[in-house]
Amino acid sequence: MATILVADDSPTSRKAISSVLEPLGHEIIQAYDGAEAWEKIQISKPDIVILDILMPKIGGFELSRQIKTTSNLSHIGIIILTSLKQQTNKYWGLKQGADFYLTKPAHPRELVSCIESLMETGS
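On a predicted model such as this, the values are computed, not experimentally measured, just so you know. (Residues numbered from 1 in each chain as written. Predicted model: local features only at pLDDT ≥ 70, side-chain atom pairs only at ≥ 80, totals over all residues. Heavy atoms only, no water.)

> Looking at this structure, how should I read the packing of helix α1 (residues 11-21) against helix α5 (residues 108-121)?
Helix-helix packing is described using two parameters, namely the angle between the two axes and the distance between the axes. For the pair α1 and α5, the least separation of the axes is 10 Å and the interaxial angle reads 65°. Relative to α5, the element α1 lies roughly perpendicular. At the point where α1 passes α5, the crossing takes the right-handed sense. Residues I17, V20 and L21 of α1 form the contact with α5, whose participating residues are P108, L111, V112 and I115. (Axes fitted to C-alpha atoms, helices over the stretch in contact; angles between N-to-C directions. Helix = DSSP H or I, 4+ residues; strand = E, 2+ residues; numbered from the N terminus. Parallel < 35°, antiparallel > 145°, perpendicular 65-115°, else oblique. Left-handed = near helix turned anticlockwise from the far one by under 90°. Contact = heavy atoms within 4.5 Å.)

Structure (structure tokens):
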């Protein structure tokens, strides 16, 4: 199973994501904002990061770019999970290094499918 960091300033979103993934055996680490997420990513080196775009301190686009441009972290899989549905946001999310871009509320099966795909490819 994977170690997954969930970065979202909404406690409700973090809880909902955790409640889907923990029963599947994944270890979940939570972060309230981008700065806290960045600290935890460097320490725990999770397999996958699930990011909201709109977070205090460091947003999801910037955090995604930081992960992918840091050599010892660039292998981490990134799923952006946000309420921003515009195609331009999806384009920029993927351009900044995200492997998947999902909009809230994402169906649990869709999120699990993305995680399984990242685990298979080792990305």
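> Can you walk me through the sheet that holds strand β4 (residues 77-82) in this structure?
Pairing between sheet strands relies on hydrogen bonds along the backbone, with the strands arranged either parallel or antiparallel. Pairing is parallel in the open sheet, where 5 strands are placed in the order β2-β1-β3-β4-β5. Strands at the two margins of the open sheet, each flanked by one partner only, are β2 (27-31) and β5 (100-103). Adjacent strand axes in the sheet meet at a mean angle of 20°, parallel and antiparallel pairs treated alike. Bridge count for strand β3 (residues 48-51) against β4 is 4 bridges, and the pairing is parallel. Opposite V49, over in β4, you have I78 as the bridge partner. Relative to β2, helix α2 (residues 34-44) is tilted by about 145°, and along the sheet it contacts β1 (3-7), β2 and β3. (Pairing = 2+ DSSP bridges.)

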